[in-house]
Amino acid sequence: MHRLAASVLLLPSLMMGRAGQPCARCHPSETAAFEQSPMGRSAGPPSVFAEGSVVHKLSGSTLTVERRGSLLEHRLERRGLAAEYPVAYSVGVGIVGYTYIVRLGQYLFESPVSYFTQTKSWDVTPGYEKEPNLDFTHQISSRCLFCHTGSVNLIGGTANQFGDPPFTSISCERCHGSPVAHLKNPVPGSIVNPAKLAPNRRDSVCEQCHLEGEVRILNPGRDWWDFQAGQTTESVFVTYLRAAAPGTLWADSQNELLAQSRCARQSGGRLWCGTCHNPHASEQNRAQSLRQVCLSCHGDLFAVGRHRAAAECISCHMPRLLLTSVAHSAMTDHSIPRIPRAERPEAGAADREPKAWREPDRALVLRDLGLAYFDLAANKHAAPDLQQAYRILSQLPPQERQDPAVEADLGSVLLAQGDTDFAIRMFTRASAQQPSNARYIYCLGASLERAGKMEEAVKELKRSIELDPSLPDAYLELAQLYRKAGREAESRNALREYLRFMPQNIQLRLPD
């Protein structure tokens, strides 16, 4: 379950680092290397591999990947019905694998089948594994594209409707900030150099994508794309982590693991991602180059006989560990253990309270923590987290509660507790502050329906559908409302309306 209020939920950019673009004219070798780096190739046209098929046992579905001329097609079959879409884009560079995106008008959806490079196999896309009714239903939002693209081409105040093309590739701007001042006066200091920043701002450049945490919370009035190199991430959003469960390793844990390493802790802030990773260079012998980095601090190990001779360091001190968040995949252990250990990190501490990686401004600490607890409750179906969210958010000063995200989360908790009057009040306020937020309006309609205010509920649910016809919950709620009232024809029509948007949806085409 996502946040109920968020689920029960072309920024202009120079195409820098491409032939003929500003950076390439003065920095040809750096931009050429960046184009071949993982960041430079993180999203684009579909990558085509061998055909294959996967059975999703939970839903009884079969996923098939087929090539049709120059197109890659993903097909889902269940109980005699099929949905098939041409792949529009792929995300990833093949280090772990590729996830695929299909397009339906102005909307993008994640395909339920992905390719895993390390095992050269197809399997169900992470996040879809536990779906009882598998379909092409995971919608791509601006937030989803934040770490994989350079900019998004959003349509008029929406978070999930895209123009053409829907995004651009990651460019130099992502790590170096706006080039405008530098193009006018190309001297050192007129553009962001991450290595020259204070540690928290320097590290934020990498953490914007490589430290996902358990949840991320936007600060009031902020958008993900407000973050610019040179800022701290917590000035835009706050990342919350929890002590890891036994055997847990996430695909985006590199920064967290590095911070745990003795090397980083004793470096006085000198050791950071850029110490070992250079997106401007193509290294033929990666292991040897990293050995030189290690020897810059540990040069006496071999000379005084404290360590046996070794041609490289990473196989023992940065071994590959199996990921728990992505099947068929492993990741380098950035905790740099002195003594090689088991495949997975040790169990985390018993304390499961979410901790901010770095706290926001003092005035936002409780607000962001309360929202984080709510998202954790939504993601994990955890009642204690929901209780903590309500306790924190309900005790905020009145002026701090006048925040659409806070009011919507409070409304969600109140609705779950059966307090429909207060839930209606909260969602009314949240949707008034963000009138284009179809999810808030859907939640208002659902609250009105629970309160027995049928006609008002119908009005809000229809308004939600009009704002965002891709939102299936509003159609389903409307259909259920009509069914309870004995208006079967209108109930069926509500479901047909959704099928007009997504005609291949298998769940709604299946006979009862």
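What counts, and at which threshold
Residues numbered from 1 in each chain as written. Predicted model: local features only at pLDDT ≥ 70, side-chain atom pairs only at ≥ 80, totals over all residues. Heavy atoms only, no water. Axes fitted to C-alpha atoms, helices over the stretch in contact; angles between N-to-C directions. Helix = DSSP H or I, 4+ residues; strand = E, 2+ residues; numbered from the N terminus. Parallel < 35°, antiparallel > 145°, perpendicular 65-115°, else oblique. Contact = heavy atoms within 4.5 Å. Nonpolar A, V, L, I, M, F, W, Y, C, P; charged D, E, K, R; others polar. 1 Å grid on protein atoms, 1.4 Å probe; cavity = no way out; pocket = protein on both sides within 12 Å on 5 of 7 lines; lining within 4 Å. Points joined across faces, edges and corners; volume = space filled by probe spheres on them. Buried < 20%, exposed > 50% of the residue type's maximum accessible area, 1.4 Å probe, protein only. Lys, Arg positive; Asp, Glu negative; His and termini not counted. Salt bridge = Lys/Arg side-chain N within 4 Å of Asp/Glu carboxyl O. Polar contact = N/O pair within 3.5 Å; in protein donor to acceptor, adjacent residues only side chain to side chain. Pairing = 2+ DSSP bridges.

Undergrad: Pulling in residues and values, what's your account of the packing of helix α20 (residues 472-484) against helix α21 (residues 488-501)?
TA: At a closest axis distance of 7 Å, the pairing of α20 and α21 adopts a crossing angle of 170°. Considering their axes alone, α20 and α21 lie roughly antiparallel with respect to each other. Across the interface between the two elements, P472, Y475, L476, L478, A479, Y482 and R483 from α20 touch E488, E490, S491, A494, L495, E497 and Y498 from α21. Taken together, the residues that form the contact of α20 with α21 break down as nine nonpolar, one polar and four charged.

Undergrad: Any details on empty space enclosed by the protein? Residues and values, ideally.
TA: Approximately 50 Å³ is the volume found for the largest cavity. In terms of lining, the largest cavity is formed by E207, L211, T233, E234, F237, V238, T239, W357 and R358. The element contributing the most residues to the lining of the largest cavity is strand β15 (residues 237-241), with three residues. Looking at the lining of the largest cavity residue by residue, the class counts come to four nonpolar, two polar and three charged.

Undergrad: Tell me about the side chain of R78, and name the residues and values.
TA: Within the element layout of this structure, R78 appears in strand β4 (residues 71-78). Buried within the structure, R78 lacks any salt-bridge partner; its nearest side chain of opposite charge belongs to D135, at an N-O separation of 5.2 Å. Of note is the side chain of R78, whose polar atom sits 3.4 Å from the side chain of Q507. Among residues more than four places away in sequence, those in contact with R78 are S59, G60, S61, N133, L134, I506, Q507 and L510.

Undergrad: Let's hear about the pairing of strand β3 (residues 61-68): which residues, and what values?
TA: Across five bridges, the pairing between strand β2 (residues 52-56) and β3 is antiparallel. The residue bridging V55 from the neighbouring strand is T62, located in β3. Counting the residues in the hairpin turn of β2 and β3 gives four residues, including G60, whose phi is positive at 70°. Sheet analysis places β3 next to β4, joined by seven bridges and oriented antiparallel. What sits directly across from E66, in β4, is E73. Hairpin connection of β3 to β4: two residues between the antiparallel strands, including G69 at a positive phi of 65°.

Undergrad: An account of the sheet that holds β3 is needed here, citing residue identities and associated values.
TA: Adjacent strands of a sheet form backbone hydrogen bonds with each other and so pair up, either parallel or antiparallel. Strand order in the open sheet made by the four strands is β2-β3-β4-β5, with antiparallel pairing throughout. Looking at which strands have only one partner, the edges of the open sheet turn out to be β2 and β5 (81-86). Each adjacent strand pair in this sheet contributes to an overall mean axis angle of 20°, direction not counted.

Undergrad: Let's hear about the pattern of salt bridges: which residues, and what values?
TA: Counting across every chain of the model gives 22 salt bridges. The closest approach of N and O atoms between R103 and D164, which form a salt bridge, is 3.5 Å. Taken together, the residues R103 in strand β7 (residues 97-104) and D164 in strand β13 (residues 162-168) connect sequence positions 61 residues apart. For E490, the salt bridge identified is with R487, shortest N-O distance 2.5 Å.

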